[in-house]
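Analysis of the macromolecular model
Below are the chains, spelled out letter by letter.
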Amino acid sequence: LFTDPSLPLCIDIGCSKGLYIRDYRDKKQLTSNWNFVGVEIFEPYVVAANAATAASTSLEPKNLAYVHANINNSLETLVAGQVLGRVSLLFPDPWGCGLATEHKNKKRRLMSLSFAKRLAAAMPIDSEFYLASDYEDLALDIRSHLLATGAFDVPEEGQYKPTMTAPAMRQSYENKEKKERLLDASKGVGKIAAESGVCVVILVVD
């Protein structure tokens, strides 16, 4: 996948169209050398993202790739022989969140204690886990699983805190010309709780 596989690896779980990991790569490579991989279960997104990357960086060293995979089945394979420096999980599916806390599909959440233990085993000391969610209960649930492994620590700058309230997020989108909404309670499994906002949590392996 990469020109130099010995470089530290950054994985973005559930990367969708790959825009975040691409932009993070562009910013990160200004100061250090890393490899970056976006993992996505919806294959058309992966095909499109890899095609766009190949077209725009044909003459540059290969340090960005997108992989069609279920991370629950592929974590150890993806990181085999590489040094995992950072894992990001941005806005995972909100199964059983907000007002739908008893939803039958809550068990489909990506993060569990068993998966958190696998992450802990794959991530060396001083590597970083970065989480962002617009469901407070989901963010806290994911953090609790990671901390329960005993391998992760929350640095002072990584303490959980809502950065934007849900009403403010809705208002910012309703003000757009197309009246688009970032959050729509009529769609998806969970419904956002009124007090929730964007929750950012950083954990470091210690």
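Residues numbered from 1 in each chain as written. Predicted model: local features only at pLDDT ≥ 70, side-chain atom pairs only at ≥ 80, totals over all residues. Heavy atoms only, no water.

Looking at the chain, pLDDT values average 76 and 67% of them are 70 or higher. A low-confidence stretch, residues 168-173 (pLDDT under 50), is modelled with 13 contacts involving residues beyond four sequence positions or located in other chains. Across residues 176-198 the pLDDT falls below 50, and counting only partners more than four positions away or on other chains, this stretch makes 58 contacts in the model. (pLDDT = per-residue confidence, 0-100. Contact = heavy atoms within 4.5 Å.)

Moving on, we come to unusual backbone geometry. Residues other than glycine seldom take positive phi values, yet F91 does so here, at roughly 50 degrees. Position of F91 among the secondary structure elements: in the loop between β4 (84-90) and α4 (113-122). Despite not being glycine, D126 shows a phi value in the positive range, around 75 degrees. Along the chain, the position of D126 falls in the loop between α4 and β5 (128-133). The exposed category is assigned to D126, whose relative accessible area is 63%. (Helix = DSSP H or I, 4+ residues; strand = E, 2+ residues; numbered from the N terminus. Buried < 20%, exposed > 50% of the residue type's maximum accessible area, 1.4 Å probe, protein only.)

Attention now moves to the nonpolar core. Among the nonpolar cores identified, the biggest contains 32 residues, and L119 and F129 are the most heavily contacted of them. Those elements giving two or more residues to this core turn out to be β1 (9-13), β2 (35-40), β3 (64-68), α3 (71-79), β4, α4, β5 and α5 (136-148). C10, I21, Y24 and V46 belong to the second largest nonpolar core, which has 10 residues in total. (Core = buried A, V, L, I, M, F, W, Y, C linked by side-chain atoms within 4.5 Å.)

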